[in-house]
Amino acid sequence: MKCSSGELMRCEHATALVKGERVRAVVGDRVEVELPDGHDKGVISAILPRRTAFVRRDPAERTASQVLAANFDLVIVAEPIVQLNRSRLERELVLAHETGADVAVVLTKADLMSAAEVEAVRREVSDLAGQMVPVLVVSIEDAASVERVRALVGDGRVAILIGKSGVGKSSLVNVLAGADVQDVGDVREFDGKGRHTTVDRVMVELPGGGCVVDMPGVRGLGMWDADTGLGLAFPDVEELAASCRFRDCSHVDEPGCAVLAAVASGELAAARLESYRTLSSEISAVRARRDEARHMRGEKASDRKKRRK
């Protein structure tokens with residue numbers, strides 16, 4: 001970790017921090033550190049309140065969350081423009097919006113498609129992400145496209161770069177930083193896919209100001225408390241849902257469902273609704289499992305409120 005003086009210091013967590021809910025400091029956290037006599041490293045004694053956090057369901061625990069990064073201003077979702085995975089992008093956007101930070105999408109590997117194909121995919125992603133989310137097309141060989149990403153980060157801001165392995169995140173960070181700060185794996189020519197190379201979450205300072213965190217390729221993106229993110233990622237569905245006859249409409253077979261009517265008329269794609277229902281059901285299921293686990297532990301609602309405070 002880096003101290004307020006700018007010096008780097010090796011640290012470990014105090015035992016009290018890793019009990020119970022296993023709270024741990026992550027990249028971007030601001031912490032309090034003690035230096036015990038005779039100790040060869042600092043001890044993190046407290047984690048200061050986070051203004052933003054990227055949270056997913058812990059892959060190793062069905063009823064626990066996992067924070068991957070904290071205190072950032074922008075989430076950049078990186079997706080390869082070739083073989084775009086629409087459902088993964090929708091999931092990434094939900095989790096990105098839930099952080100409360102600004103969100104942008106960067107489509108990499110643009111040099112592997114024709115200009116007409118690139119524009120078609122960019123429009124598709126722009127329609128999916130919504131008007132409030134910038135969608136940039138990037139080729140490492142195109143300096144102007146990289147500069148647009150640099151401008152997006154801006155001076156004094158911290159951005160996290162998320163996406164699956166091999167989409168070109170580390171290559172982009174190296175170009176932004178003007179140096180080989182991240183290892184880059186070999187890339188297959190026919191689809192532009194590379195090997196997973198980043199294993200640590202490192203905050204890289206960019207020339208001219210700003211920082212970017214190259215997140216290791218995240219395979220599992222399980223939902224946690226993401227109702228707000230779901231609404232921001234699916235504003236079209238949420239707007240239609242406001243006109244449903246029933247406030248608790250699940251948009252499956254209820255009479256007077258404005259969302260189903262929009263699908264029937266072609267206003268809303270059936271695949272879009274299916275993605276929304278899948279993610280909404282996952283969020284509800286995780287919440288139900290968590291509440292059941294708390295009940296089994298004998299935890300009361302008042303206890304949970306005190307802990308949150």
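Structure shown above.
The structure displayed is predicted, hence computed values, not measured ones.

Peer 1: Any chance you could explain the nonpolar core here in plain terms?
Peer 2: Soluble globular proteins tend to pack their nonpolar side chains together in the buried interior. In this structure, L93, V105 and I160 are the most contacted members of the largest nonpolar core, which totals 52 residues. Non-local contacts of I160, meaning those with residues more than four positions away in its chain, are made with F54, A69, F72, L74, V75, I76, V213 and M215. Counting 21 residues, the second largest nonpolar core, distinct from the first, contains L152, V153, A177 and L206.

Peer 1: Teacher, can you tell me more about unusual backbone geometry here?
Peer 2: Leaving glycine aside, a negative phi is the common case for residues, and trans is the common case for peptide bonds. Even without being a glycine, Q83 presents a positive backbone phi close to 55 degrees. Tracing the backbone through its elements, the reader meets Q83 in the loop between β6 (74-80) and α1 (86-98). For Q83, a relative accessible area of 55% puts it in the exposed group. Residue H251 is not a glycine yet carries a positive backbone phi of 60 degrees.

Peer 1: In this structure, what is going on with the packing of α1 against helix α8 (residues 270-296)? I would like to understand it.
Peer 2: How two helices sit against one another is set out by the angle between their axes and by the gap between those axes. Remark: α1 packs on α8, axes separated minimally by 11 Å, with the N-to-C direction vectors making an angle of 50 degrees. If you check the angle between α1 and α8, you find them oblique. As α1 runs across α8, the sense of the crossing is right-handed. Judged by residue contacts, E90, R91 and V94 of α1 engage R272, S275, L279 and E282 from α8. Residues belonging to the contact of α1 with α8 are distributed by class as follows: two nonpolar, one polar and four charged.

Procedures and definitions
- Residues numbered from 1 in each chain as written.
- Predicted model: local features only at pLDDT ≥ 70, side-chain atom pairs only at ≥ 80, totals over all residues.
- Heavy atoms only, no water.
- Core = buried A, V, L, I, M, F, W, Y, C linked by side-chain atoms within 4.5 Å.
- Buried < 20%, exposed > 50% of the residue type's maximum accessible area, 1.4 Å probe, protein only.
- Contact = heavy atoms within 4.5 Å.
- Helix = DSSP H or I, 4+ residues; strand = E, 2+ residues; numbered from the N terminus.
- Axes fitted to C-alpha atoms, helices over the stretch in contact; angles between N-to-C directions.
- Parallel < 35°, antiparallel > 145°, perpendicular 65-115°, else oblique.
- Left-handed = near helix turned anticlockwise from the far one by under 90°.
- Nonpolar A, V, L, I, M, F, W, Y, C, P; charged D, E, K, R; others polar.

In short, shape yes, function no, at least from these values alone.
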